[in-house]
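# Summary of the model geometry
One-letter residues, chain by chain:
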Amino acid sequence: WAILLAWAVLIINNIGKVPFAGFDVAAHIEYIQYVARNWRIPLATEGWQMFQSPLYYIVSALPYKILSGFLAEEPAMRVLLIIPLICGAAFSETAFRAVRYIRPDRPDLQMIGALIGGLLPMNLYMSQTISNETMAGIFSAAAVTTAIGIVSMKESGWPVKRLALLGMLLGLALLSKVTAILLVPVFIIMLGWRFYPSGGITQTLSSLSLVMGVAGVISAWYYIRNWILMGRPFIGGWDSSREIMWWQFPGYRTPGQFYRFGESLLYPVYSSINGFWDSIYSTIWVDGARSDI
């Protein structure tokens, strides 16, 4: 509760002060405005970020449409910052519950989990930008936490409500950002670990069918639409159909770039040129200004 109170103070203090920043913020704003003005989801080829899954932009478009009737564009967008900020605050709760499922006998570890989940610097930063990242993140985190709860259950049986909840959260995550698809094999392994020893292949497949069925009902329509209109269900920013030219610095190519570490402790900004682990460490603390260099 103390962390959530701190987040409330942060929201009240920052929402009118922090300048608009973030990755491709103008393109995310364009997506919201497109949905608000046209009341339809754009195709991936209609804008820089319009290949993104639509849930965040749909949720933001309705209040933007109302607010833009009596507010200028910038104040209206500032009010919309409340959506990613609330998502960011919720990470504290999911981290707390995940640790409580794993170690119900350790309130100290639960407190540490809540602190990490609520105060991770990258979360604090991303939650103050206009983008779909934090919404996708919190639905993914909630799905992982629910899966941990299912695996940690002491009682036997088939927890239909929990499995349906897991499917709903996975579906919402997929409808927020396509990268949530990476959770599917993780959940297959977790549910197999939980149900195969006691219920065999029948209960395992039934559990997976329920989770994936609920997730599909919520999110599959968007990917089927892409398949029909664009020729494939998953379209990324790099897709050739978008006719956007990409370039990128060379990646790490020597063994030393993967085992040395320490430059980021002395020179955090641009330390990613030293190696992989310096890049990861400095990015966690929002110091790696350009981790692609």
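Residues numbered from 1 in each chain as written. Predicted model: local features only at pLDDT ≥ 70, side-chain atom pairs only at ≥ 80, totals over all residues. Heavy atoms only, no water.

### Some thoughts on the packing of aromatic side chains
- All told, the structure shown has eight aromatic pairs when counted by the stated rule.
- Seen from their ring centres, tyrosine 223 and phenylalanine 234 are 5.2 Å apart, and the 50° between their planes marks the pair as tilted. With tyrosine 223 in helix α10 (residues 183-230) and phenylalanine 234 in the loop between α10 and α11 (256-259), this pair connects stretches of sequence that are eleven residues apart.
- For tyrosine 223, a relative accessible area of 8% puts it in the buried group.
- When its relative accessible area of 43% is taken as the criterion, phenylalanine 234 is described as partly exposed.
- Each residue in the set Trp221, Tyr222, Tyr223 and Phe234 is aromatic and connected to the rest through ring pairs, giving one cluster. (Phe/Tyr/Trp six-rings, centres within 6.5 Å; stacked < 30°, edge-to-face > 60°. Helix = DSSP H or I, 4+ residues; strand = E, 2+ residues; numbered from the N terminus. Buried < 20%, exposed > 50% of the residue type's maximum accessible area, 1.4 Å probe, protein only.)

### What about the pattern of salt bridges?
- Enumeration according to the criterion identifies six salt bridges in this entry.
- A salt bridge links lysine 177 to glutamate 133; the nearest nitrogen and oxygen atoms lie 3.2 Å apart. Of this pair, lysine 177 sits in the loop between α9 (160-176) and α10 while glutamate 133 sits in helix α8 (residues 133-151), placing them 44 residues apart in sequence.
- Using a relative accessible area of 13% as the deciding quantity, one classes lysine 177 as buried.
- Classification of glutamate 133 by relative accessible area gives partly exposed; the value is 34%. (Salt bridge = Lys/Arg side-chain N within 4 Å of Asp/Glu carboxyl O.)

### Quick notes on helix α13 (residues 276-284)
- Within α13, the full set of buried residues consists of Asp278, Ser279 and Ser282. End-on, the buried residues of α13 take up no more than an arc of 100°, which puts them together on one face.
- Lining the buried residues of α13 we find α12 (263-266). (Arc of directions from axis to C-beta. Contact = heavy atoms within 4.5 Å.)

### Quick word on the packing of α8 against α9
- Where α8 contacts α9, the two axes come as close as 8 Å, and the packing angle between them is 160°. Our classification of the angle between α8 and α9 gives roughly antiparallel. In this structure, α8 crosses over α9, and the sense of that crossing is left-handed. When α8 is examined against α9, the residues Met135, Ala136, Phe139, Ser140, Ala142, Ala143, Thr146, Ala147, Gly149 and Ile150 are found in contact with a partner set consisting of Arg162, Leu163, Leu165, Leu166, Leu169, Leu170, Leu172, Ala173 and Ser176.
- Here the residues of the contact of α8 with α9 are counted per class, giving 14 nonpolar, four polar and one charged. (Axes fitted to C-alpha atoms, helices over the stretch in contact; angles between N-to-C directions. Parallel < 35°, antiparallel > 145°, perpendicular 65-115°, else oblique. Left-handed = near helix turned anticlockwise from the far one by under 90°. Nonpolar A, V, L, I, M, F, W, Y, C, P; charged D, E, K, R; others polar.)

Everything listed here is a matter of coordinates, which is why it stays silent on function.
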